Amino acid sequence: MRSIAIEREFGSGGREVGRLVSEKLGVPFYDGEILFNTAERSGMDLGQLRNFDERQAGSLLFDLALAGNPNAYSMRTRLYEMFEALQGTVRQLAQKEPSVFIGRCSTETLSGKDGAPRALRVFIYASDPVARCRRVMETEHVDEQDARSLMRHRDKEREQYFRYFTRKSWGDKANYDIQLNTSVLSVQQCADILVDIVRNMP
């Protein structure tokens, strides 16, 4: 059975889909846990890895791309070191056993290139912005204005993170094996689809 790697729009329910898939298949689920595993495996500082994580790193990566910082080269080198450590952890965990991975370019890391395992690569989105906003309001306990701001900000960070390290477009369908729309399908239905696919893949 293959691993599943998921990229997701903020508020689409992608993390919930991944969690449900892991429960149905009885396999490990890795989201923020990847940071702890990487710190333990590489000896890197957990606090630095947290600051580097996709949620916080997007704006910093954009600033570095502008090369306005005199320390840009050393900062960029350090970022790549942490990224490679994270990707090494993802590859190691996927080689050990099938798992569900959330974000952090895992869809590219587990693309089957350079001897890495080949995961089912998934992009989860929500085409209905109103329903997506409601989900964010409920999960993040914020009002509508803050929810819409979070949606824009988090998606921008994830897109910048993905583009910076892969040189690819985050939402490009060519990067994924399947895309699922949680405005049409429920989280349960999305999970069932993915479970059925991986159980029947060679």
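Just so you know, these numbers come straight off a predicted model, no measurement behind them.

(A) Structural view of the side chain of Glu7. Here Glu7 shows up in strand β1 (residues 4-8). Separated by 3.1 Å, the side chain of Glu7 and the backbone nitrogen of Cys105 make a polar contact. Discounting chain neighbours no more than four positions away, the residues touching Glu7 are Gly103, Arg104, Cys105, Ser106, Thr107, Val122, Phe123, Ile124, Phe162, Trp170 and Tyr176.

(B) Representation of the packing of aromatic side chains within the structure. Within this structure, the stated rule accounts for 9 aromatic pairs. Relative to Phe101, the ring of Tyr30 lies with its centre 5.4 Å away and its plane at 20°, an arrangement referred to as stacked. With Tyr30 in strand β2 (residues 29-30) and Phe101 in strand β3 (residues 100-102), this pair connects stretches of sequence that are 71 residues apart. Pair check on accessibility: Tyr30 and Phe101 agree, each one buried. One aromatic cluster is present, formed by Tyr80, Phe83, Tyr161, Tyr164 and Phe165 through successive ring pairs. The side chain of Arg167 reaches across the aromatic face of Tyr164, ending 5.7 Å from its centre.

Conventions adopted
- Residues numbered from 1 in each chain as written.
- Predicted model: local features only at pLDDT ≥ 70, side-chain atom pairs only at ≥ 80, totals over all residues.
- Heavy atoms only, no water.
- Helix = DSSP H or I, 4+ residues; strand = E, 2+ residues; numbered from the N terminus.
- Polar contact = N/O pair within 3.5 Å; in protein donor to acceptor, adjacent residues only side chain to side chain.
- Contact = heavy atoms within 4.5 Å.
- Phe/Tyr/Trp six-rings, centres within 6.5 Å; stacked < 30°, edge-to-face > 60°.
- Buried < 20%, exposed > 50% of the residue type's maximum accessible area, 1.4 Å probe, protein only.
- Lys NZ or Arg CZ within 6 Å of the ring centre and 35° of its normal.

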